[in-house]
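Remarks on the overall topology
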Amino acid sequence: MKRFRRHGQESQRDRLKQELFAFNKTVEHGFPHQPSALGYSPSLKLLAIGTRSGAIKLYGSPGVEFMGLHDENAAVTQVHFMPHQVELVTLLDDNSLHMWTLRGHNGLSELLEIGRFTLTGPPGVTRVTAVLAHSSGELLLLGTEGGHVFVVEVPGFRELEERNISLDQVSSSIPDDYIGRRNLEHVEALQENPVDPDQVIIGYGRGLMVIWDLEKKLAIQHIPATQQLESVCWTEDGKYILSSHSDGSYCRWMVGGQDMNEEEKSDIPYGKEEGSWLLVGGMPRASYGDRHCITVIHGKTHVALDFTSRIIDFFVIRDGPQRTGDPSALVVLVEEELVVIDLQTEGWPIIQTPYLVPLHSSAITCSHHVSTIPLKLWERILAAGKHQNAHYSKKPWPITGGQNLAPDPPQRDLLLTGHEDGTVRFWDASGVCLYPMYKLSTAGVFHTDADPNDNMNQGTEGEWPPFRKVGCFDPYSDDPRLGIQKIHLCKYSGYLTVAGTAGQILMLELNDEAAEQTVEAKVVDLLQGQEGFRWKGHTQLDIQEDPVMFPAGFQPFAVVQCQPPAVVTALTLHSEWKLIAFGTSHGFGLYDYQQKNSVLIKCTLNPSDQLAMEGPLSRVKSIKKSLRQSFRRIRRSRVSLRKQHVNTATKLQEANARLEAELAEMELAPVQRKIEARSSDDSFTGLVRTLYFADTFLSDSSHNTPSLWAGTNGGCVFAYMLRLPSVEHRADEPVTAQLSKEIQLMHRAPVVGIVVLDGHGAPLPEPLEVAHDLARAPDMQGSHHLLVVSEEQFKVFTLPKVSAKMKLKLTAVDGSRVRRVGMAWFGSSRTEDYGESGLLVLTNQGDVHVVSLPHVKMQVQYPCIRREDVSGIASCVFTKHGQGFYLISPSEFERFSLSTRCVVEPRCLVEAPLHSGCSNQHQSQPDGASSTHRYINLEVSLFSSCWCLLNTKVCCRAI
């Protein structure tokens, strides 16, 4: 009977697990890593981006997102929407073509691959170099490296051999004197006549352009340009052809006139031009080889938009129901961000992007998630952000395809990211779009070598070409010591504390108005005068002594400076008690930010631990720091690498990949063993890993008291009893701290988490949470328990005696080590009023677990992050409602959920556009790739300035 009863209980528990827990990777936030292709559908109003890893991502109105991944590990080189359809075609660098569709399922659209095709024949002949999605929606024209044009019927990818355009057919229609002088080379461009779909222009690499009639199967005009061709396009009336060339020139050719008829030619696009033009490049390489420019010429207005990274492609969005009106926006995809420029507002301001924001505008160094933000705080943060966004256009976001069918977020969530340049960015993480709300900069508190107004890319008045810097990607930190390492925000009081690389801890409060104030500094010596230690790392940052004007938003009012100025490894805030606790590799401290006094200083440094004195910027680095600096080296090298051979960049990437692999093997290889005691002589045993405030029982079981708990890398836990003055005397009587307990774990594994459970076995609420009626008051009648999470096990102790009660060994089972922990509430998907608290755990294997409380039993386990992805594991942050974020690249967060109730994912619908069958006169901007040809960045010879000039390029389009 006991066995039968136990089996029934287990079955009931299994059913309950299914109602509580489910693992899903839901959405990717940020900017795609290494974009390689751009496409746009004017009829669907959808944007498509392909990447070097084979991903294809579609974006419409905010919340409308789709993602697909090619099975082949190859880069996407071109993306083309089929006109007036919900299909698109991708070309990979392995020469394969893939057909995708947005198919409806249960009222939602899904991005599915429905076909693939590769031209058969010798690689040198059939390698695809240009693709044209014909306006009929039934044909693809494929220009190849061998000079042939293949015609393929879609969606079935059936080659129509009788309609192919061979190189021999083209050559026979060209005068012998032209053919005799040069080989035509590959097909560089294919463009359809906007007023006659039977006519296409074929542009060859050496410069020849041929207008071909698809029905008559013959050439009706040839244009024998003499310079290497870069791109071709028609004017919207079909009367002229525009071509751009590798010498920096662009030409306008009349259609239907005599062969060899060239109407206009400009060698350099900086003369007196009429009309409107968009040009990529055209800059003399000797003077502007490090610039990434699009020149916009409209009447007398002439601007060279100077982007922050290499231009991938661009297109223009036009007004009107048939998209033939005036240009309204210029959309530019560069290597590190997407920039949208308002062409209808004076000054051509940038339109703020609701998605695809470059999270890595400065390298991300840490993250902090805050759930269920009160409305008042939310509105104040938004108001502070609006002051910073005054330079953006007031125009709405122009890419509006699809319908967002996701329900409104049930709560307001914030994701805070700390960055290498000393900034903290606030993101609206409530829904599918990770929207930027506000940016805090801490650099103004300190003296730095750089002038904040100094910008090598900023143009000066009267400069020619008239450069204007656009984009926000700026990875170069003025001082690496500014880097933010820890963040803690109290959503109820509006207090924020951030800590950095050089031992600086800033205390900030939210102010709705700009204010000038002096920031008071307090130096804390964590070594407590111990002799025999000499800090070999970086120096501290010098704090501004004069008053500083801080803009509206979070403003610092106190700074704590740790000595030695080591990286802050742990930080926590208790806004009800007006205390912050901080820790480094040398010890921890407690600071009263109301009285601006130090309460407690504890040195945890082991006498044998000399490595802790070298600092993170010296020989010994943490894994996270090493990887972040590797990414930083890649970014910094790009400017200098532009003048070197492309293989140099490849070697650098390979070297950094080897570094990641070595670090992964060194730190993350699972050790199949039982838990063994570690030596007290191990390095960094005094490093403080976690800090925790709790109101619990320390001295006896009758009187609860405020307390501070600290866990170290050597498996040691310190508990301090805190005495807080009454409210009336809080401002003048000191806060005191007295050591009450000290626990040394037998296996000496690093302590990564500490939680106190109340009499009901529930985690204690956050500070001020009960006061705001947002949480139940903790049970102070029953016995409290202490949960200590080390890298290798979970152990529960009774309080106040601190006797071991139960434990769960993780390492002894599968060799895993705990890397991240977090508390979460899991609501049932079946019963609205039922839920459980659980402990979220991420291991060095990349697995996520949910452990039940208070009995510390494993509930579920899911593979989440690749074991080799060291930076992804290090960047993971959990939410209070069973979700998580981690970096899948320097510029992207992957969002996942372990909860059945709390899931944030795209739910959207895209319907096929209504095509009225209007005349071709109104099809000047067909669906397909962007309106420009994908240009190839030519390598530059440095033998003479003449070559630097001649090898410049220009891609142009009349608008």
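Residues numbered from 1 in each chain as written. Predicted model: local features only at pLDDT ≥ 70, side-chain atom pairs only at ≥ 80, totals over all residues. Heavy atoms only, no water.

**Quick notes on the confidence of the model for the chain**
How we decide: For every residue, the predictor assigns a confidence score, pLDDT, that lies between 0 and 100. Contacts: residue pairs with any heavy atoms within 4.5 Å of one another.
Of the residues in the chain, 81% have a pLDDT of 70 or more, and the chain-wide mean is 85. Confidence drops under a pLDDT of 50 for residues 635-652, and excluding neighbours within four residues, the segment shows 25 contacts in the predicted structure. A low-confidence stretch, residues 931-959 stays under pLDDT 50, and its non-local contacts, those more than four residues away or across chains, total 113 contacts.

**Quick notes on the side chain of Ser-891**
Threshold: Only DSSP runs of H or I with at least four residues qualify as helices, and only runs of E with at least two residues qualify as strands; both kinds are numbered from the N terminus onward. By the criterion applied in these results, polar contacts are pairs of N or O atoms within 3.5 Å in which, for protein atoms, one can donate a hydrogen and the other can accept it, and in which residues neighboring in sequence qualify only through two side-chain atoms.
Position of Ser-891 relative to the elements: it lies in the loop between strand 59 (883-889) and strand 60 (892-899). Polar contacts involving the side chain of Ser-891 include one to the main-chain carbonyl oxygen of Phe-31, which spans 2.7 Å. Here Ser-891 is in contact with His-29, Gly-30, Phe-31, Pro-32, His-33, Leu-359 and His-360, once residues within four sequence places are set aside.

**Some points on the state of the cysteines**
This is how it is decided: Two cysteine sulfur atoms make up a disulfide if the distance between them is within 2.5 Å.
Under the defined criterion, the tally for this structure stands at 0 disulfides. A disulfide-free cysteine, Cys-433 has its sulfur positioned 10.0 Å from the sulfur of Cys-908, the nearest such atom.

**Focus: the sheet that holds strand 60**
Just so we agree on the cut-off: When DSSP finds at least two bridges between two strands, those strands are taken to pair.
Read across the open sheet, the 4 strands follow the order 1-60-59-58; overall the sheet is antiparallel. The two strands at the open ends of the sheet, each matched to only one other strand, are strand 1 (21-30) and strand 58 (877-878). With 6 bridges connecting them, strand 59 and strand 60 associate as antiparallel partners. Bridge pairing in strand 60 places Leu-887 opposite Phe-893.

**Section: the environment of Met-209**
Going by this rule: A 1.4 Å probe rolled over the protein chains alone gives each residue an accessible area, and that area as a share of the maximum for its type sets the label: buried under 20%, exposed over 50%, partly exposed in between.
You can see Met-209 is positioned in strand 16 (residues 208-213). For Met-209, a relative accessible area of 0% puts it in the buried group. Each C-alpha atom of the pair Met-209 and Ile-223 lies 4.9 Å from the other, and the pair is 14 residues apart in sequence.

**Looking at the sheet that holds strand 35 (residues 484-489)**
The test is simple: Comment: axis = line fitted to C-alpha atoms, over the contacting stretch for helices; angle = value between 0 and 180 degrees taken between N-to-C directions.
Across the sheet, 5 strands lie side by side as 35-36-37-41-39; this open sheet has mixed pairing. Bordering the open sheet on either side are strand 35 and strand 39 (520-525), each of which pairs with just one other strand. Pairs of neighbouring strands in the sheet enclose a mean axial angle of 20°, with direction left out of account. Bridge count for strand 37 (residues 504-511) against strand 41 (residues 553-563) is 8 bridges, and the pairing is antiparallel. By the bridge assignment, Leu-508 is partnered in strand 41 with Pro-556.

**So, empty space enclosed by the protein**
We apply this condition: Only protein atoms enter the 1 Å grid used here, on which a cavity is any set of points holding a 1.4 Å probe that cannot leave and a pocket is any open set flanked by protein within 12 Å on both sides along at least five of seven lines; residues with an atom within 4 Å of a point are listed as lining. Grid points are joined across faces, edges and corners, and a volume is the space filled by probe spheres set on the points. Under the scheme applied here, ten amino acids are nonpolar (Ala, Val, Leu, Ile, Met, Phe, Trp, Tyr, Cys and Pro), four are charged (Asp, Glu, Lys and Arg), and all others, including Gly, are polar.
Taken as a whole and judged by the stated rule, the model has 2 cavities of 30 Å³ or more. One number sums up the size of the largest cavity: a volume of about 80 Å³. Residue lining of the largest cavity: 13 residues in total, with His-29, Gly-30, Tyr-355, Leu-356 and Leu-434 positioned closest to the centre. In terms of residue count, strand 1 provides more of the lining of the largest cavity than any other element does, 3 residues in total. Its residues assigned to classes, the lining of the largest cavity shows 9 nonpolar, 2 polar and 2 charged.

**Quick word on the pattern of salt bridges**
Put simply, the rule reads: We define a salt bridge as a contact between a side-chain nitrogen of Lys or Arg and a carboxyl oxygen of Asp or Glu at a distance within 4 Å.
Taken as a whole and judged by the stated rule, the model has 24 salt bridges. Residue Arg-866 pairs with Glu-868 through a salt bridge whose shortest N-O separation is 3.8 Å. Residue classification places Arg-866 among the exposed positions, given a relative accessible area of 54%. Sharing partners across several salt bridges, the network here consists of Asp-71, Glu-72, Glu-113 and Arg-116.

**What to know about unusual backbone geometry**
Residue Pro-155 follows Val-154 across a cis peptide bond; omega there is 15°. Positionally, Pro-155 belongs in the loop between strand 12 (149-153) and strand 13 (158-159). Geometrically, the link from Leu-799 to Pro-800 is a cis peptide bond, its omega value of 10° lying close to zero. Mapped onto the elements, Pro-800 comes out in the loop between strand 52 (793-798) and strand 53 (804-809). Here Trp-348, not a glycine, exhibits a phi torsion of approximately 50°, which is positive. If you trace the backbone, Trp-348 turns up in the loop between strand 27 (337-342) and strand 28 (350-351). By relative accessible area, Trp-348 is classed as buried at 10%. Phi angles above zero are rare outside glycine, and Leu-356 is one such case at about 60°.

**Brief notes about the environment of Trp-348**
Distance in space between the C-alpha atoms of Trp-348 and Leu-330 is 9.5 Å, their sequence separation being 18 residues. Sequence-distant contacts of Trp-348, defined by excluding residues within four places in its chain, comprise Val-296, His-298, Thr-301, Val-303, Ile-341, Asp-342, Leu-343 and Arg-468. In this structure the side chain of Trp-348 is engaged in a polar contact, spanning 3.4 Å, whose partner is the backbone oxygen of Leu-343.

**Regarding the environment of Pro-327**
Relative to the assigned elements, Pro-327 resides in strand 26 (residues 327-334). Residue classification places Pro-327 among the buried residues on the basis of a relative accessible area of 16%. A sequence separation of 16 residues divides Pro-327 from Leu-343, and the C-alpha atoms of the two residues are 6.6 Å apart.

**Quick notes on helix 6 (residues 375-388)**
Put simply, the test is: Expected span of a helix, by definition, is 1.5 Å for each gap between consecutive residues, and there is one gap fewer than residues. By definition, the arc is the one covered by directions from the helix axis to the C-beta atoms.
Its 14 residues give helix 6 an end-to-end C-alpha distance of 20 Å, which sits within 8% of 20 Å, the value for a rise of 1.5 Å per residue. Along helix 6, the residues that are buried comprise Leu-377, Trp-378, Ile-381, Ala-384 and Gly-385. Projected down its long axis, helix 6 carries its buried residues within an arc of 130°, all on one side. Turned more than 90 degrees away from the buried face of helix 6 sit Lys-376, Lys-386 and His-387, all of them exposed. Taken together, the buried residues of helix 6 touch strand 31 (414-419), strand 32 (423-428), strand 33 (435-441), strand 37 and strand 41.

**What about the pairing of strand 6 (residues 76-81)?**
Burial analysis of strand 6 places 5 of its 6 residues in the buried class, the great majority of the element. By the bridge criterion, 5 bridges tie strand 6 to strand 7 (residues 87-92) in an arrangement that is antiparallel. Note that in strand 7 the partner of Val-76 across the bridge is Leu-92. Linking strand 6 to strand 7, which pair antiparallel, is a turn of 5 residues; within it His-84 sits at a positive phi near 60°.

**Comments concerning the pairing of strand 10 (residues 128-133)**
Counting buried positions over the 6 residues of strand 10 gives 5, a clear majority of the element. Both strand 10 and strand 11 (residues 139-144) contribute to a ladder of 5 bridges, which runs antiparallel. Within strand 11, the position partnered with Val-128 by the bridge is Thr-144. Following strand 10, the chain reverses through 5 residues before pairing antiparallel with strand 11; Gly-137 in that reversal takes a positive phi of roughly 75°.

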